[in-house]
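Descriptive analysis of the structure
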Amino acid sequence: MLTGRLCWVPLLLALGVGSGSGGGGGGSRQRRLLAAKVNKHKPWIETSYHGVITENNDTVILDPPLVALDKDAPVPFAGEICAFKIHGQELPFEAVVLNKTSGEGRLRAKSPIDCELQKEYTFIIQAYDCGAGPRETAWKKSHKAVVHIQVKDVNEFAPAFKEPAYRAVVTEGKIYDSILQVEAVDEDCSPQYSQICNYEIVTTDVPFAIDRNGNIRNTEKLSYDKQHQYEILVTAYDCGQKPAAQDTLVQVDVKPVCKPGWQDWTKRIEYQPGSGSVPLFPDIHLETCDGAVSSIQITTELQTNYIGKGCDRETYSEKSLQKLCGASSGIIDLLPSPSAATNWTAGLLVDSSEMIFKFDGRQGAKIPDGVVPKNLTDQFTITMWMKHGPSPGLRAEKETILCNSDKTEMNRHHYALYVHNCRLVFLLRKDFDQADTFRPAEFHWKLDQICDKEWHYYVINVEFPVVTLYMDGATYEPYLVTNDWPIHPSHIAMQLTVGACWQGGEVTKPRFAQFFHGSLASLTIRPGKMDSQKVISCLQACKEGLDINSLESLGQGIKYHFNPSQSVLVMEGDDIGNINHALQKVSYINSRQFPTAGVRRLKVSSKVQCFGEDVCISIPDVDAYVMVLQAIEPQITLRGTDRFWRPAAQFESARGVILFPDIKIVSTIAKAEAPGDLKTTAPRSAVLEEMLHNLDFCDILVLGGDLDPRQECLELNHSELHQRHLDATNSTAGYSIYGVGSMSRYEQVLHHIRYRNWRPAALEARRFRIKCSELNGRYTSNEFNVEVGVLHEVRVSDKEHVSHLIVQPPFLQSVHHPESQSSIQRSSVPSIATVVIIISVCMLVFVVAMGVYRVRIAHQHFTQEAEAAKEAEMDWDDSALTITVNPMEKHGAPGRGDEETEEEEEEVEEDVSSGSSDSDDSDEEEEEEGVGRGRRGQSGARQAQLEWDDSTLPY
């Protein structure tokens, strides 16, 4: 090639190519003519090329290879290939010349190629020779060739499922060809890598299989009882065997074979006290299995037979309940809570939470004389709660509930209430002096409820000769009335008993007979006319029951009915949707502030009718229960002044001494406070929250022995009670205030309790204890003790007519000593007072002598110290000084009353006593803490009313 090029040199020189001679224009023309003679031909390339490039690579493999030929070869430049040019906009390829002489070239990518963006490219390419010389620009180009490049895919993407999770519902007992189909896709561009070739179930030991198309089927019959739901994981593979990046979850719910019944209800419903009305079945609906239903009747029953007296009722005493319901006064409770005043029920079996008395056939109680009038009028009422079952034995005996019989000698029954062979019988024998003719005497009622072992409320109203029974608010007339002769008059005393009848005559030893088997509560008798039906309904009303939220939203065509106690609700309709909505509105409500905790059973029974049939399908009953949670117990606290002193004259006055002037009743509950940081695991702190509720009694007990009615008593104006609808009983043991009322009402009444003592000379102090209750003792307060001391006055006069007011030292009171020592200390008071007087006189003589001595030694120095002491408001040791009252100071203020004068004397006495008690320093220090507050509070008045008599001191 080099030799060829050298042979061309002489020829070029002969033609004048490259010579510097000649004009400029002529040279240029000559060069063109020479180039035209030298570069005669255009380069030649193939007409089309096919190439392949792998994505993310820059090398393109062409078929045929990229080569350009020129017929001007081997002429330099004219026979060489200088470039390949690609025609197109923004093509990611370029062509380069590898060898100019041979015309070899290469096609390569300028940037990474992504098959997912573009699978193939088509463009035009041309080849260019080098012209006639190195400076020649008149290159010749070949014809246009078409280049088609295909991008080869790389398996860079994994399959992905179209849905993150799949769910299907199947019916138990069937084999399905396909339950559901899962589908995955691959983002690769080639069919090899973008197609899904296989699916696989990852979860093992499941009765399912999957095919290549993603169809899942069950391999065995599924059972709802065995498993309600299956969760399986499925993966996919592309044709490059690359698995899916994330498996998909498939949930298969097994539905039982359609059975008519109620769906979506919970067996346990919790009730928090104070929640009001809580829905029982908010999501319940009826499944009829596509049956055509014409009508449906639903009965919802709340079973509370085992709670208290048949349901959750207020547990106040019967007297309190009677007053709450507006009953007339005069009721006599024959089964009260055992106490000092009502001790005849102390030996009976009692359920203390509800005041229910249980009789096992071996117990009876005697009612003391005077509790019930001996001769009842023609009008009186007996009320009671009773729970009774079938009588034991083949031949049942009479079971006495209430009996008034002869106490001795004879065995006559004047009136009685008993059960015999599941019949309730009331006996009333009139006296012979009232009537001498055959009169009605026995009244019989035969009711199934008497022996059904359930609680029922009975009211026997006597308007002789008519006797009417009210049971659970319904009226029942006796089915049998027998007559008898009146009882002959006698002077034999009568005995009223409960639970059995007293047999005082015709037996060797008087004893109980005809025992009752069952439970009784709130047994009362009230002379006079019976209360209204409204009062009776109130007394037996339940505080819990069924309710319907928003009666207006029940829908059309729904009929409903409650029983009187709202424990049974019946609803009827012809549309399933309306019935479902109505049952969702049924709720449980308990209006008690402190309900009885425990289980209340629920039962929902249904009766469905279809078109043309009486009963088409049978729907199982719903058995659920309401769990009433335990209410937070309140902490009832009594607080106030627990120790104080009053002058003896105040005890003797008509007003007496107020025992609880500042007593306060507060009730709190402890609630757990949630921590501010929810992530904190520290225990929650309890926060006391004050709450308001009622009280039903407060008992004031006398400590240290009962009251002596000859010289002391507790008093309270009855107007204070009546204004606040409360009652009270008074005895030598204390004072009892009872009745349902707010805590503020009880506070106001307690502020007026007074203690009087007509002979306080021998009295040092009296102690009392108060305790309050809510719900008949279910919640009780703390025991608050109050001690009131007596301030005695002792007057002593000497030859110089100096009045000394000496007060009995407070430390001599037995406030911190046992009761057994109190009498000893009281007997020693006069002798101690005498000793105190003697010590005071001796100290006076000693002070006079010391004064004379000190005047003779340092008169001027003593005078300066005395003046400094007066400027410091008498702040010196006055243990040896005598205090006198300025009579002119007293009589100079006529506007002050006796009470103010007594207080002045008390203050003076306290100062003298404290000054004359050096013999017992330890006791004085203890007592100063108790009386210091009163002395400091009265210091201003004492300074204005007293002055020091220093006329007897020789300076």
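For the structure, see preceding data.
Below is a summary of the structure that appears in this document. (Residues numbered from 1 in each chain as written. Predicted model: local features only at pLDDT ≥ 70, side-chain atom pairs only at ≥ 80, totals over all residues. Heavy atoms only, no water.)

Glancing now at the side chain of Gln495. Tracing the chain through its elements places Gln495 in strand E35 (residues 494-498). Within polar-contact distance, the side chain of Gln495 engages the backbone oxygen of Ile367 at 3.2 Å. If near-sequence neighbours (up to four positions away) are discounted, Gln495 is found in contact with Lys366, Ile367, Cys403, Asn404, Ser405, Lys407 and Trp502. (Helix = DSSP H or I, 4+ residues; strand = E, 2+ residues; numbered from the N terminus. Polar contact = N/O pair within 3.5 Å; in protein donor to acceptor, adjacent residues only side chain to side chain. Contact = heavy atoms within 4.5 Å.)

A word on the sheet that holds strand E12 (residues 196-201). As summarised here, the arrangement of the four strands in space is E9-E16-E15-E12, forming an open sheet in which the pairing is mixed. Of all the strands in the sheet, just strand E9 (165-171) and E12 have a single pairing partner and so form its edges. Here the average twist between neighbouring strands, direction ignored, is 25°. In this sheet, strand E16 (residues 248-255) lies alongside strand E15 (residues 229-238) in antiparallel orientation, the contact comprising six bridges. Residue pairing across strands places Val234 opposite Thr248, the latter belonging to E16. (Pairing = 2+ DSSP bridges. Axes fitted to C-alpha atoms, helices over the stretch in contact; angles between N-to-C directions.)

Taken as a whole and judged by the stated rule, the model has nine disulfides. Disulfide pairing is shown between Cys197 and Cys239; the S-S distance is 1.7 Å. Handedness here is read from the sign of the S-S torsion; for Cys197 and Cys239, about 75°, the answer is right-handed. One end of the pair, Cys197, is in strand E12; the other, Cys239, is in the loop between E15 and E16, with 42 residues separating them in the sequence. Accessibility expressed as a relative area gives 18% for Cys197, which makes it buried. Note on Cys239: relative accessible area 26%, which makes it partly exposed. (Disulfide = S-S within 2.5 Å. Buried < 20%, exposed > 50% of the residue type's maximum accessible area, 1.4 Å probe, protein only.)

If a strand is regular, its side chains alternate between the two faces of the sheet. The buried fraction of strand E53 (residues 734-742) is high, at eight of nine residues. As defined by bridge partners, strand E50 (residues 694-703) adjoins E53 across seven bridges and the pair is classed as antiparallel. Looking at E53, one finds that Asn694 is bridged to Ser742. Summarising the sheet, strand E52 (residues 727-731) and E53 pair through five bridges and their orientation is antiparallel. Bridge pairing in E53 links Ala728 to Ile737. In textbook terms, the turn of a hairpin is the stretch between consecutive antiparallel strands, and for E52 and E53 this stretch comprises two residues.

Relative to the helices and strands, Ala728 resides in strand E52. For Ala728, a relative accessible area of 25% gives the class partly exposed. The spatial distance from the C-alpha of Ala728 to the C-alpha of Gly739 is 8.4 Å, given a sequence separation of eleven residues. Ignoring any residue separated from it by four or fewer positions in sequence, one finds Ala728 in contact with Leu721, Tyr735, Ser736, Ile737 and Tyr738.

All chains considered together, the criterion is met by 17 salt bridges. Asp369 is paired through a salt bridge with Lys407; the nearest N and O atoms lie 3.2 Å apart. One end of the pair, Asp369, is in the loop between strand E25 (365-367) and strand E26 (379-387); the other, Lys407, is in the loop between strand E27 (399-406) and strand E28 (413-420), with 38 residues separating them in the sequence. For Asp369, a relative accessible area of 52% puts it in the exposed group. (Salt bridge = Lys/Arg side-chain N within 4 Å of Asp/Glu carboxyl O.)

Attention shifts here to the packing of aromatic side chains. A full pass over the atoms with the stated rule returns 15 aromatic pairs. Centre to centre, the rings of Phe359 and Phe516 are 6.1 Å apart; their planes meet at 75°, and the pair counts as edge-to-face. With Phe359 in strand E24 (residues 356-360) and Phe516 in the loop between strand E37 (511-513) and strand E38 (517-527), the pair connects residues that are 157 residues apart, well separated along the chain. When its relative accessible area of 4% is taken as the criterion, Phe359 is described as buried. Its relative accessible area of 0% is what places Phe516 among the buried residues. Ring plane angle 80° and centroid distance 6.0 Å describe the contact between Phe651 and Tyr755, whose orientation is recorded as edge-to-face. Remark: Tyr755 occurs in strand E54 (residues 754-757) and Phe651 occurs in helix H7 (residues 648-652); sequence separation between them is 104 residues. (Phe/Tyr/Trp six-rings, centres within 6.5 Å; stacked < 30°, edge-to-face > 60°.)

Right, let's get into helix H9 (residues 743-750). Among the residues of H9, those classed as buried are Met743, Tyr746, Glu747, Val749 and Leu750. Taken down its axis, H9 places every buried residue within 165° of arc, on the same side. (Arc of directions from axis to C-beta.)

Right, let's get into the sheet that holds strand E39 (residues 544-548). Read from one edge of the open sheet, three strands run E19-E42-E39, paired in antiparallel fashion. Each having just a single partner strand, strand E19 (277-279) and E39 make up the two edges of the open sheet. For this sheet, the mean angle separating the axes of adjacent strands, direction not counted, is 35°. Relative to strand E42 (residues 586-590), E19 runs antiparallel, the two sharing three bridges. Opposite Pro279, over in E42, you have Ser587 as the bridge partner.

Regarding helix H6 (residues 576-584), the residues found buried are Ile579, Asn580, Ala582 and Leu583. Along the axis of H6, the buried residues cluster in a sector spanning 165°; they form a single face. On its buried face, H6 is in contact with strand E17 (261-263), strand E20 (285-287), strand E21 (293-303), strand E41 (568-573), E42 and strand E43 (598-610). Taking the backbone nitrogen of Gly577 as reference, a side-chain oxygen 3.1 Å away marks Asp575 as the first, capping residue of H6.

Turning to the pairing of E43, a few remarks are in order. In the sheet, E21 pairs with E43 via ten bridges, with the strands oriented antiparallel. Each bridged residue has a counterpart across the sheet, and for Gln303 the counterpart in E43 is Arg601. By the bridge criterion, seven bridges tie E43 to strand E44 (residues 622-628) in an arrangement that is antiparallel. Bridge pairing in E44 places Gly598 opposite Val628.

With that settled, the discussion passes to the nonpolar core. Ile665, Ile700, Leu714, Ile737 and Ile753 are the most contacted members of the largest nonpolar core, which totals 57 residues. What Ile700 contacts, discounting residues up to four positions off in sequence, is Phe660, Leu714, Ala733, Gly734, Tyr735, Leu750, Ile753, Phe768, Arg769 and Ile770. In this structure, Ile332, Phe357, Tyr458 and Leu523 belong to the second largest nonpolar core, which totals 42 residues. (Core = buried A, V, L, I, M, F, W, Y, C linked by side-chain atoms within 4.5 Å.)

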